[in-house]
Amino acid sequence: MAELTYRDAVAAGIAQEMERDERVVFLGEDVAAAGGVFKTTVGLLERFGPKRVRDCPISEQAIVGAAMGAAMTGLRPIAEIMFSDFLAVCWDMVANEIAKARYMTNGQVSLPLVIRTANGAGSRFGAQHSQSVENWAMAVPGLKVVAPATPADVKGLIAAAVRDPDPVIVFEQKSLYSMKGEVPDGELVDELGKARVLRQGRDCTIVALALMVHRALEAAEILEREHGISATVVDVRSLVPLDARTILAEVAKTGWLVTVEENPRLCGWGAEIASIVADECFWSLDGPIVRITSPHVPLPAADQLEDATIPSVARIVGTIRERVD
Amino acid sequence: MAELTYRDAVAAGIAQEMERDERVVFLGEDVAAAGGVFKTTVGLLERFGPKRVRDCPISEQAIVGAAMGAAMTGLRPIAEIMFSDFLAVCWDMVANEIAKARYMTNGQVSLPLVIRTANGAGSRFGAQHSQSVENWAMAVPGLKVVAPATPADVKGLIAAAVRDPDPVIVFEQKSLYSMKGEVPDGELVDELGKARVLRQGRDCTIVALALMVHRALEAAEILEREHGISATVVDVRSLVPLDARTILAEVAKTGWLVTVEENPRLCGWGAEIASIVADECFWSLDGPIVRITSPHVPLPAADQLEDATIPSVARIVGTIRERVD
Amino acid sequence: MDTTAKRKKAGAAGDIGEETRLRLYRLQVELRYCEKRAYDLFLQNLIKGTTHLSLGQEAIAAAFGVAMRADDWTFCTYRGHAHTLARGASMTGVLGELMGRQCGLLGGKGGSMHLTSVEHGAMGSYAIVGAHLPVAAGAAWSAQYRGTGQVAVCFFGDGTTNIGAFHEALNFAAVWKLPVVYVCENNLYMEYTPISSVTAVEYPAAGRAAAYGLEPIIVDGNDVDEVYRVAQAALARARAGGGPSLIEAKTYRQSGHSRADPAKYRPEGELEAWLARDPIAIYRKRLIDLGVAARVLDEIEAEALRKVDEATAVARASPPPAVDKIEKNVWANGGAAWRN
Amino acid sequence: MDTTAKRKKAGAAGDIGEETRLRLYRLQVELRYCEKRAYDLFLQNLIKGTTHLSLGQEAIAAAFGVAMRADDWTFCTYRGHAHTLARGASMTGVLGELMGRQCGLLGGKGGSMHLTSVEHGAMGSYAIVGAHLPVAAGAAWSAQYRGTGQVAVCFFGDGTTNIGAFHEALNFAAVWKLPVVYVCENNLYMEYTPISSVTAVEYPAAGRAAAYGLEPIIVDGNDVDEVYRVAQAALARARAGGGPSLIEAKTYRQSGHSRADPAKYRPEGELEAWLARDPIAIYRKRLIDLGVAARVLDEIEAEALRKVDEATAVARASPPPAVDKIEKNVWANGGAAWRN
Ligand SMILES: Cc1ncc(C[n+]2csc(CCOP(=O)(O)OP(=O)(O)O)c2C)c(N)n1
Ligand SMILES: Cc1ncc(C[n+]2csc(CCOP(=O)(O)OP(=O)(O)O)c2C)c(N)n1
Ligand SMILES: [Mg+2]
Ligand SMILES: [Mg+2]
């Protein structure tokens, strides 16, 4: 076991797969010579050379489109979209082309490609560089979507994404890049579609993603210690495929569901999970489903405002105390 | 009262507003000389002239971006995006610029603009020309979103959208363009944010949008006549602002919620409404919340496949018979 | 036979041999007949969706179809029946797809705007304007990376030159010196709007070539020999590592934009003038001038018609796709499950 | 005083009068000092977000700021402090926004990348590359439609010329003959990547002008007089109905891309060579050569520093925005309600 930052674990995951498979190529803006604006790809150029690690013009449609064309003709590209907000400038390539090609061609076309992108708030960058848009991707049939919360998960899920025969978007949470954690030595390959139960409680089930997983865990400790409320915490990890079974089982045990989402409220992944639980787990529910999200506003830039916008530990604790009996 | 097609009601709504206010201008592809590919804008060029009704190159980013720039400097543009699927090629302009400008500038910038677009299935056009993507827009803070189901509604809601000081996306349902309906004579201006209860029942509340409203109504008739199940039908009409109060009140009366969505399942507007109901109306629910949606797949082209993909009257009837007691 | 001398002349009249010329003729005729059949089937309500015909533009698809190597790749648009067939995709598969039948190239899933036949290098028809230009660049990158000598050829219309993806793809391909040939079929119109009314330069593609460090190349798109020569040169250049080309082929869409369009916006006389320059009529005359016997060409036409008739019959007899196909092939595992 | 003769010479040395020249000097100095202050505040951890400084590029913002009419509009990027100040926006408002204070131009909502002051015609700073080019075209359309004679000026970087929105906006503006001036500040780099390594032409903007039927215009972006002349011509042309211009101003970013960037990727000697061509140093020398007394310039500098100091003090004293502002100003009614 080595201790790595989330940032270094990203590079380690990419390197592991490039080492293993010559078809894996990597492209993006400022990723090669500069090692990425978040320093998540430092060393890849030196290690794998300029044929496999390529700097691109500011042309997100070309980057993602080229990844698509390369994937359908035998390569396994990893494309970086610097900030997840910029998925909007290539959304047609992602949502209309990549997501649909296999289906429309009745399976003739395979797209084993990965789009990695830095998601979420916390850097005081304002509304166009801080969004959590994993639900944009989740809403489009044909895309697989993961959002790892730890260094080990980001390495393992990147590797799983590269090996997957379908297009996968990996949402790396910006606010976690400098987080440290244990990462097993040697080859690490995770599995898409598996949630993880991080903590078992009796009174409610908190379902969270990425940064919110850590806040949920902290909140659960406080709830237990200070308020005698015992909470299960589930890290969703993979939105598509979704490990609905694990979530339903954990909610059934506690009778309460609380989702914690960094994204603005409307049509977030929490809504989808809430609707699944309200259908399939209805008779086990002891009370209303509670969603804790950012308010439905663009994200403000100033530190105090940004901090007060996305769900804090205090807000999670407060909401659960108030809403869950 | 005159009987108009939905298609003609669109033109009537635009014309009413252009007549009233010189600042209203209209732009899009093939909209002027040709009257639009769906013939929704026939006659506007002749009536208002080439200065106000403008054909554009195939440049959706420029079209929507120009609408934004014009709106912030005193005009009230209406931009047409031919098929709602093409919102993907200008998604940055819509989701990152237009939606956020007022907020980011702390209210300095006003964007009184309308984007009209043809949404949904039924034309056998395949996966890139048939999507229902109103939930893409609903997920973005700063956009108002309506989806009218009748000729009168489309005229009145377009007028309301033009007069609204905020950006509004009007999702016109392609499959309804040739539908006829009564439209009141004279000026017609509807209100954003109002759902409409079309039918009162005792056993369950069906919440639907656009084409699905008509199918829900038909299903409700059959359920009543043939199966003794009495359903309320609510036409959501406006996703943002959302008339949550009406929906909650109607669900509280029947104790069951069924949403009917043409969109693929994940993160649809039905999920959001389900999550609101599962929170605020939980104690009035008599059973699980049921969502009837298209399966989470890109839309197939062949007629039999397309018809079997989006929710049919039979599927609504069958699902409600099976799920609602 | 006394035609031998004439035949030699046919071969010698240019760099294109007679055998190739007859292939070019046959292919054009097949494309034409198949498009006409699609139109008839639509009138008979056997095609339910839309169709975008290439009537009048066949020379371009045909010339590239003949010039390309079997393992090269084609990327085309919703107006892609001809380009797909020109690579050898089955006519039954094409007509079947248009009719939404099980035998369709895409099993009815894609429809007329998404024809694809990967086994023939027809890597998809793309219905959102401009999207396939970056994708073609990506395929070319893959060929370059693997050193296979394959070339990606990407067809699109004049209207497509005004969308952002065009610009990004051209710059990207030029900077990476990718083996891709971009072919703009300038048929004077986007859907119903004349391209000249929405474009800042006279030649929508060639007028932009310099912006990507490329030579402007303009070719008469109704002269299949000319297109063939230009295609050969561009393909050779790409294969030799010389990077991308951008070709503007001037042509005309003899029908409306799509099945719903009567094309009333065309100025009087325009259609007639272009019909007089119909690529197939021109070529038939040229071949005869070069000494090819009329009955040889008649026979080719008859064979093409038979082929279309046969394909129509097979496609019509094919059942509609089973509805259980709806939840198939979203993922590589054949299914559509998004949860457990 | 014996400087009168020299002064006349200063005015006569070109088409630019001394008063204007002193305005150009003053503005550049103010922009420079304010940017330097932003850097200092960042080092003191008083600026929490990011900053993208225009150090070395001030001549361009200053020249346009002086050349524009008060009711013209500016559209700029995340690297927009200078462009916003050059229109007259308050320095307190700018520094306050960078520090996330209540007195900020955007009340802390937008941050350094979105500076806007509508009352000064500074219509926004846009942080997604390319997005504001179509928006500027739209403002120009509004001016054209209403016949106001206003012009939209849109600043962006060399890297921006490779994104789709650039292409769409330029074509659109050219076809509609819109009164918009597009100004590409070619500072040689996108973030960290040299523009030459990702662009198919030598001049990222000027090399594309012909693709939109426009004249290529290249100007020394470090010579404020030159930029001022080019700006005047382009503004006059736009106002007279002559349509858009695309100007490429060659310049250099003396600092890193953003606060986090030490700019180690620059080849040795490059920075030094450009520092020797610093626009403010050059201009000071020129003004002195033209007979302006050094103490006049010293005084301008001292005043600029006082202004920056005062603005800093006021901004530092301003409280952080109240958290109840989070749910304000999503909508025109001042609120954020998405439901009843
Ligand atoms: C992004 C986008 N915008 C608009 C359309 C609608 N549309 C389909 S074809 C077409 C015209 C395309 O013109 P051109 O590129 O000249 O090709 P042609 O149809 O003439 O072959 C338009 C506007 C689309 N499919 N995609
Ligand atoms: C669509 C998009 N892609 C990438 C970025 C990240 N990014 C911010 S600034 C920048 C470089 C821009 O270069 P240039 O246009 O030359 O402007 P400069 O920063 O040099 O002023 C990049 C890639 C972005 N903001 N938007
Ligand atoms: Mg065309
Ligand atoms: Mg630059």
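Structural notes, computed from the coordinates. This is a predicted model, so every value here is computed, not measured. (Residues numbered from 1 in each chain as written. Chains lettered and ligands numbered in written order. Predicted model: local features only at pLDDT ≥ 70, side-chain atom pairs only at ≥ 80, totals over all residues. Heavy atoms only, no water.)

Notes on the overall build of chain A
Looking only at helices and strands, one finds 12 helices and 14 strands in chain A. Relative to the globule expectation of 20 Å for 325 residues, the C-alpha radius of gyration of chain A, 19 Å, shows essentially globular dimensions. If one aligns the C-alpha atoms of chain A with their principal axes, the spans along those axes are about 60 × 45 × 40 Å. Out of the 325 residues in chain A, the part that is buried amounts to 75%. Restricting the contact set of chain A to residue pairs at least 6 apart, pairs at least 24 apart contribute 81%. Accessible surface for chain A amounts to roughly 8200 Å². Of this, 48% is attributable to carbon and sulfur atoms. (Helix = DSSP H or I, 4+ residues; strand = E, 2+ residues; numbered from the N terminus. Rg over C-alpha atoms; globule rule 2.2 N^0.38 Å. Buried < 20%, exposed > 50% of the residue type's maximum accessible area, 1.4 Å probe, protein only. Contact = heavy atoms within 4.5 Å. Areas by Shrake-Rupley, 256 points an atom, 1.4 Å probe, with all protein chains shown as cover.)

What about the overall build of chain C?
Along chain C, the regular secondary structure elements total 11 helices and six strands. Over its C-alpha trace chain C gives a radius of gyration of 20 Å, about what one expects of a compact globule, namely 20 Å for 340 residues. With the principal axes as the frame, chain C shows a C-alpha extent of 75 × 50 × 45 Å. The 340 residues of chain C split such that 65% are buried. Taking the intrachain contacts of chain C between residues at least 6 apart in sequence as the baseline, contacts between residues at least 24 apart amount to 74%. As displayed, chain C has an accessible area near 11500 Å², and 53% of this comes from carbon and sulfur atoms. Between the averaged position of the 38 positive side-chain charges in chain C and that of its 37 negative side-chain charges there is a distance of 3 Å. (Lys, Arg positive; Asp, Glu negative; His and termini not counted. Charge placed at Lys NZ, Arg CZ, Asp CG, Glu CD.)

Thoughts on the sheet that holds strand E3 (residues 152-157) of chain D
Residues and elements named next belong to chain D. On the basis of which strands lie adjacent, the open sheet formed by six strands has the order E2-E1-E3-E4-E6-E5 and parallel pairing. Whereas interior strands pair on both sides, the edge strands pair on one side only; in this sheet they are strand E2 (122-126) and strand E5 (217-220). Shown here is a sheet whose adjacent strand axes are inclined to one another by a mean of 20 degrees, direction ignored. Bridging between strand E4 (residues 180-186) and strand E6 (residues 245-250) involves six bridges; their strand directions are parallel. Bridging from a neighbouring strand, Cys 184 pairs with Glu 248 of E6. (Pairing = 2+ DSSP bridges. Axes fitted to C-alpha atoms, helices over the stretch in contact; angles between N-to-C directions.)

Here we look at helix H5 (residues 91-98) of chain D
All names here are of chain D. Most of H5 sits inside the fold, with eight of its eight residues counted as buried. Among the residues of H5, Met 91, Thr 92, Gly 93, Val 94, Leu 95, Gly 96, Glu 97 and Leu 98 are the ones counted as buried. Those residues of H5 that are buried lie in contact with helix H2 (18-43), helix H4 (81-86) and helix H11 (294-317). With its phi angle positive at about 70 degrees, Gly 100 sits one or two positions after the end of H5.

Topic: the environment of D:Arg21
Residues and elements named next belong to chain D. Tracing the sequence through the fold places Arg 21 in helix H2. In this structure Arg 21 comes out as buried when scored by relative accessible area, which is 3%. Residues Arg 21 and Arg 316, spaced 295 residues apart in sequence, show a C-alpha to C-alpha distance of 32 Å.

Concerning the sheet that holds strand E6 (residues 144-146) of chain A
Each strand in a sheet pairs with its neighbour through backbone hydrogen bonds, running either in the same direction (parallel) or in the opposite one (antiparallel). All names here are of chain A. Strand order in the open sheet formed by seven strands is E3-E2-E4-E5-E7-E6-E12, with mixed pairing between adjacent strands. Where the open sheet ends on each side, the last strands, each with one partner, are strand E3 (53-55) and strand E12 (238-240). With strand direction ignored, the average angle separating the axes of adjacent strands in the sheet is 20 degrees. Summarising the sheet, E6 and E12 pair through two bridges and their orientation is antiparallel. Bridge pairing in E12 links Val 146 to Ser 238. Contacting strand E2 (24-28), strand E4 (76-83), strand E5 (114-119), E6 and strand E7 (168-173), helix H7 (residues 151-163) runs over the sheet at an angle of about 165 degrees to E7.

Here's the deal with the interface of chain A and chain B
If you look at the interface, chain A gives 51 residues, while chain B gives 51 residues. Summed over both partners, the interface of chain A with chain B buries about 4300 Å², with 62% contributed by carbon and sulfur atoms. Scanning the region where chain A abuts chain B turns up six salt bridges. Counting across the chain A and chain B interface gives 28 residue pairs in polar contact (both at pLDDT 80 or more). Of all the elements in the fold, those that place two or more residues in the side of chain A that touches chain B are helix H4 (91-98), helix H5 (101-104), helix H6 (134-138), helix H10 (269-280) and strand E14 (290-294) of chain A. Top element by residues in the side of chain A that touches chain B is H10(A). It accounts for eight residues. In terms of residue class, the side of chain A that touches chain B is built from 32 nonpolar, nine polar and 10 charged. (Buried area = accessible area lost by both parts, 1.4 Å probe. Salt bridge = Lys/Arg side-chain N within 4 Å of Asp/Glu carboxyl O. Polar contact = N/O pair within 3.5 Å; in protein donor to acceptor, adjacent residues only side chain to side chain. Nonpolar A, V, L, I, M, F, W, Y, C, P; charged D, E, K, R; others polar.)

Here's the deal with the nonpolar core
One finds C:Phe75, C:Tyr182, D:Phe75 and D:Tyr182 to be the most contacted residues of the largest nonpolar core, which totals 361 residues. Setting aside residues no more than four positions away along its own chain, D:Phe75 makes contact with B:Met72, D:Met123, D:Gly124, D:Tyr126, D:His132, D:Val135, D:Ala136, D:Ala139, D:Ala152, D:Val153, D:Cys154 and D:Phe155. (Core = buried A, V, L, I, M, F, W, Y, C linked by side-chain atoms within 4.5 Å.)

Details of the relation of the copies chain A and chain B
Taken as rigid bodies, chain A and chain B are interconverted by a rotation of 180 degrees and an axial shift of 0.0 Å, the fit giving an RMSD of 0.0 Å. The symmetry that links the two subunits is that of a two-fold axis. Of the interface residues in chain A, 100% have counterparts in chain B that sit at the interface too, so the contact is made through matching surfaces. (Least-squares fit on C-alpha atoms with pLDDT ≥ 70 in both.)

Some remarks on the site of ligand 2
Taken together, 21 residues form the shell around ligand 2, and within it A:Glu60, D:Tyr78, D:Arg79, D:Gly159 and D:Thr160 come nearest. Residues lining ligand 2 come from chains A and D. A:Glu60 places a polar side-chain atom, nitrogen or oxygen, 2.5 Å from a nitrogen atom of ligand 2. A distance of 2.8 Å separates an oxygen atom of ligand 2 from a polar backbone atom of D:Gly159. Coverage of ligand 2 by the protein chains reaches 98% of its 580 Å² of free accessible surface. Tallied by class, the residues present in the shell around ligand 2 amount to 10 nonpolar, six polar and five charged. (Near = heavy atom within 4 Å.)

Comments concerning the pairing of strand E11 (residues 231-235) of chain B
Residue and element names in this part refer to chain B. Burial analysis of E11 places five of its five residues in the buried class, which makes it a mostly covered element. Residues of E11 alternate between two faces, with Ala 231, Val 233 and Asp 235 on one and Thr 232 and Val 234 on the opposite face, all of them buried. Alignment of strand E9 (residues 196-199) against E11, held across three bridges, turns out to be antiparallel. Paired with Val 197 across the strands is Val 234, a residue of E11.

Purely spatial values, then, with no claim about function.
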